[in-house]
Amino acid sequence: MLALGKLLELTLAGHEPSAKIQLTPDGTRLRWLDEGALEVTPPAARDNGLDLLLSAGVHGNETAPIELLDRLLRGIARNELHPAARILFLFGNPEAMRRGERYIEQDLNRLFSGRHEQSSGFEAIRACDLEHLAATFFGKQTGRTRLHYDLHTAIRGSKVEQFALYPWQEGRAHSRRELERLRAAGIEAVLLQNKSSITFSAYTYAQLGAEAFTLELGKARAFGQNELVNLDLLENALHALIEGREVISGEPTLDGLQLFSVSREVIKHSDSFQLHLPEDIENFTELEPGYLLAEDIADSRWIVEEKGARIIFPNPKVKNGLRAAILIVPDDGAGLL
Ligand SMILES: O=C(O)CCC(=O)N[C@@H](CCC(=O)O)C(=O)O
Ligand SMILES: [Zn+2]
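A short tour of the structure in this document, coming up. Remember, predicted model here, so these are calculated numbers, not experimental data. (Residues numbered from 1 in each chain as written. Chains lettered and ligands numbered in written order. Predicted model: local features only at pLDDT ≥ 70, side-chain atom pairs only at ≥ 80, totals over all residues. Heavy atoms only, no water.)

### Some remarks on the pattern of salt bridges
It is possible for side chains bearing opposite charge to pair when their charged atoms get close.
Link 1 in the chain: Summed over all chains, the structure comprises 26 salt bridges.
Link 2 in the chain: Residue Arg 98 is joined to Glu 95 by a salt bridge in which the shortest nitrogen-to-oxygen separation is 3.0 Å. Separated by three residues within a single helix, Arg 98 and Glu 95 lie in helix H3 (residues 94–99), roughly one turn from each other.
Link 3 in the chain: Arg 183 serves as the salt-bridge partner of Glu 180, at 3.5 Å between the closest nitrogen and oxygen. Residue Glu 180 and its partner Arg 183 are located together in helix H5 (residues 176–184), separated by three residues, close to a single helical turn.
Link 4 in the chain: Among the residues examined, Glu 180 registers a relative accessible area of 11% and is labelled buried.
Link 5 in the chain: With relative accessibility at 29%, the residue Arg 183 sits in the partly exposed group.
Link 6 in the chain: What emerges from the salt-bridge pattern is a single network uniting Arg 29, Arg 31, Glu 39, Asp 47, Asp 51, Arg 86 and Arg 144. (Salt bridge = Lys/Arg side-chain N within 4 Å of Asp/Glu carboxyl O. Helix = DSSP H or I, 4+ residues; strand = E, 2+ residues; numbered from the N terminus. Buried < 20%, exposed > 50% of the residue type's maximum accessible area, 1.4 Å probe, protein only.)

### Description of the coordination of the zinc ion (ligand 2)
Link 1 in the chain: Distances from the zinc ion (ligand 2) to its protein donors, namely His 59 (ND1), Glu 62 (OE), Glu 62 (OE) and His 152 (ND1), fall within the range 2.0 to 2.3 Å.
Link 2 in the chain: On the primary sequence, the residues serving as donors to the zinc ion (ligand 2) are separated as H-x2-E-x89-H. Pair noted here: Glu 62 is in the loop between strand E4 (50–56) and helix H2 (63–77) and His 152 is in strand E6 (residues 145–154), with a separation of 90 residues, a long-range link. In terms of burial, Glu 62 and His 152 fall into one category: buried. (Donors = N, O, S within 2.8 Å, 3.2 Å for Na, K, Ca; no water.)

All we've got here are geometric facts, nothing functional implied.
This is the structure we're talking about:
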């Protein structure tokens, strides 16, 4: 196998390869760009116009998606997978991956869309680098299709094992076709965002015009302990996407895909913040109207008012000013295009 196919090994070892460009026997070019960053270019005759950004390890302890990207890249480097798409593979936070931690100093996935400029330190520099890598990859060319999947796993168990978060931009409708594609890849639910955000997928969606998603693929575990995370459907779908073999059906069907929208984000404002949920509560647990969800400084209280409300990503340990949970409600998909 080509040495650059071992991007994960190189990244975990903190090693910069001396040969930065390699070609597979079928003419696919692998180019090492930076730590944890590698571009794949198909031979011109096979290029189908798709620019596909695949990222994982934005949170260093979310290893199942990192292992998935490693398998895809090795398949390409062994000349077993034959890309028709241009691909950028990104391992988001190499130092956090080496330490098996979510982050080192601050959550990298809260530093995009310019937030890194107001900050400093390891993750702020990396967020700036990742923005540049993504912007350069998608480039200025029109007429190509831009797609970004930022792959994650969640801190806690979930009543819905695999789900997506779809960013938001003023005046832009969420795509039914993209949701159909996700459904075929095993995604069971999609959360339609309704305000801008500072995550990586929100950056590529709103600033670079890509279709972009954060995919949550199960519970975060250490390297080699991901046998309970079944990524077969997603992996098959990515093979088809990479090789340009995806079958696009006529009218997209969303049968079985659950849609939600954000009702409220619970922001932690102070050290007095308390979240009134059991430690082991699962994502997508329903909360009844009237439930006292959280309390914070100056007697502020979060009481559930919404019918059919569910909770995701509850985490009272986030830094002040950041999202400590999201209250979501079912969505009828009327706003999809
Ligand atoms: O399990 C949790 O509490 C967090 C899982 C996670 O890392 N989720 C992403 C979602 C990103 C988005 O909102 O698109 C995150 O919090 O960064
Ligand atoms: Zn994550």
